[in-house]
Amino acid sequence: MSDTPESAEGPDFDEMTRDIAEVPAVEVIVTVAVNLMSAAAVKLGLTEEGEKHKDLDEARKLVHALAGLLDAGATEISSFHAAPLRDGLKSLQLAFREASIVPDDPGQGPGEKYTGPVYG
């Protein structure tokens, strides 16, 4: 049996729990937010491969989840962490508006339930 987290029997949850126990909550929240931002950018077609992975339905879900996370977590993470994440969210919301063939009404775009209307 190896010492790696993944053995033939499956993941070593005790080791994974010890690892995550050492990570501050702010770091977990920021990491999840950055992952959501990255995934949304891919689904918006903002990567080098652009249209290949573009899927606005998926992008809407990711942007909405990111906005909810930032809305709920803003008081838990400092403005030092929250401000650039909010800027990234707004950029994604604007990119979504630009990519949409049929634009959402103001306040109805992804995440605007949490952020308020986003205008270009």
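I will try to describe carefully the structure that is included in this document. On a predicted model such as this, the values are computed, not experimentally measured, just so you know. Along each chain, the written sequence defines residue order, and numbers are assigned to residues from 1. Only residues with pLDDT of at least 70 are given local features in this predicted model, and only at 80 or more are side-chain atom pairs given and counted; all residues enter the totals for whole chains, interfaces and linings. Side-chain calculation: all heavy atoms of the structure are included, whereas hydrogens and water are not.

### Topic: the pattern of salt bridges
Then comes step 1: Should a side-chain nitrogen of Lys or Arg be within 4 Å of a carboxyl oxygen of Asp or Glu, the pair is scored as a salt bridge. Summed over the entire model, instances satisfying the criterion amount to 6 salt bridges.
Then comes step 2: Residue Lys 52 is joined to Glu 49 by a salt bridge in which the shortest nitrogen-to-oxygen separation is 4.0 Å.
Then comes step 3: Burial classification: accessible surface area is computed with a 1.4 Å probe over protein chains only, and a residue below 20% of its type maximum counts as buried, one above 50% as exposed, and the rest as partly exposed. Given a relative accessible area of 62%, Lys 52 falls into the exposed group.
Then comes step 4: The partner of Arg 97 in a salt bridge is Glu 112, and the shortest N-O contact between them spans 3.0 Å. Note that Arg 97 is positioned in helix 4 (residues 79–99) and Glu 112 in helix 5 (residues 112–115), a separation of 15 residues in sequence.
Then comes step 5: The class for Glu 112 is buried, based on a relative accessible area of 4%.
Then comes step 6: Look at the salt bridges and you will find they share partners, linking Asp 57, Glu 58 and Lys 61 into a network. Secondary structure follows DSSP: runs of H or I at least 4 residues long count as helices, runs of E at least 2 residues long count as strands, and numbering of each begins at the N terminus.

### With respect to the layout of surface pockets
Then comes step 1: In this model, the largest pocket occupies a volume close to 160 Å³.
Then comes step 2: Around the largest pocket sit Ala 67, Leu 70, Asp 71, Ala 74, Arg 86, Leu 89, Lys 90, Gln 93, Tyr 114 and Thr 115, which together line it.
Then comes step 3: Tallying contributions element by element places helix 4 first for the lining of the largest pocket, with 4 residues.
Then comes step 4: For this classification, Asp, Glu, Lys and Arg are treated as charged, while Ala, Val, Leu, Ile, Met, Phe, Trp, Tyr, Cys and Pro are nonpolar and the rest, including Gly, are polar. Here the residues of the lining of the largest pocket sort into 5 nonpolar, 2 polar and 3 charged. Points on a 1 Å grid, built from protein atoms alone, make a cavity when a 1.4 Å probe fits but cannot get out and make a pocket when they are open with protein on both sides within 12 Å along at least 5 of 7 lines; residues with an atom within 4 Å of a point are the lining residues. Grid points are joined across faces, edges and corners, and a volume is the space filled by probe spheres set on the points.

### Digging into the nonpolar core
Then comes step 1: Take the buried residues of types Ala, Val, Leu, Ile, Met, Phe, Trp, Tyr and Cys, join any two whose side-chain atoms come within 4.5 Å, and each joined set is a nonpolar core. Leu 44, Leu 66, Leu 70, Leu 85, Leu 89 and Leu 92 are the most contacted members of the largest nonpolar core, which totals 21 residues.
Then comes step 2: Of all the secondary-structure elements, those providing two or more residues to this core are helix 2 (25–43), helix 3 (56–73) and helix 4.
Then comes step 3: Among the elements that line this core, the one with the most residues is helix 2, at 7 residues.

### Some details on the environment of Ser 91
Then comes step 1: Counting through the fold element by element, Ser 91 comes out in helix 4.
Then comes step 2: The class for Ser 91 is partly exposed, based on a relative accessible area of 46%.

### As for helix 3
Then comes step 1: Each residue after the first adds 1.5 Å to the expected span of a helix. Its 18 residues place the ends of helix 3 25 Å apart at the C-alpha level, agreeing with the 26 Å of an ideal helix rising 1.5 Å per residue.
Then comes step 2: Of the residues making up helix 3, those classed as buried are Ala 59, Leu 62, Val 63, Leu 66, Ala 67, Gly 68, Leu 70 and Gly 73.
Then comes step 3: Of the surrounding elements, those touching the buried residues of helix 3 are helix 2, helix 4 and helix 5.
Then comes step 4: Here a polar contact means two N or O atoms within 3.5 Å. Within protein one must be a hydrogen donor candidate and the other an acceptor candidate, and residues neighboring in sequence count only if both atoms are side-chain atoms. The residue sitting at the N-terminus of helix 3 and contributing the capping side-chain oxygen is Asp 55; that oxygen lies 3.2 Å from the backbone nitrogen of Asp 57. Should any heavy atoms of two residues lie within 4.5 Å, those residues are considered in contact.

Note that all results are geometric; they support no functional claim without further evidence.
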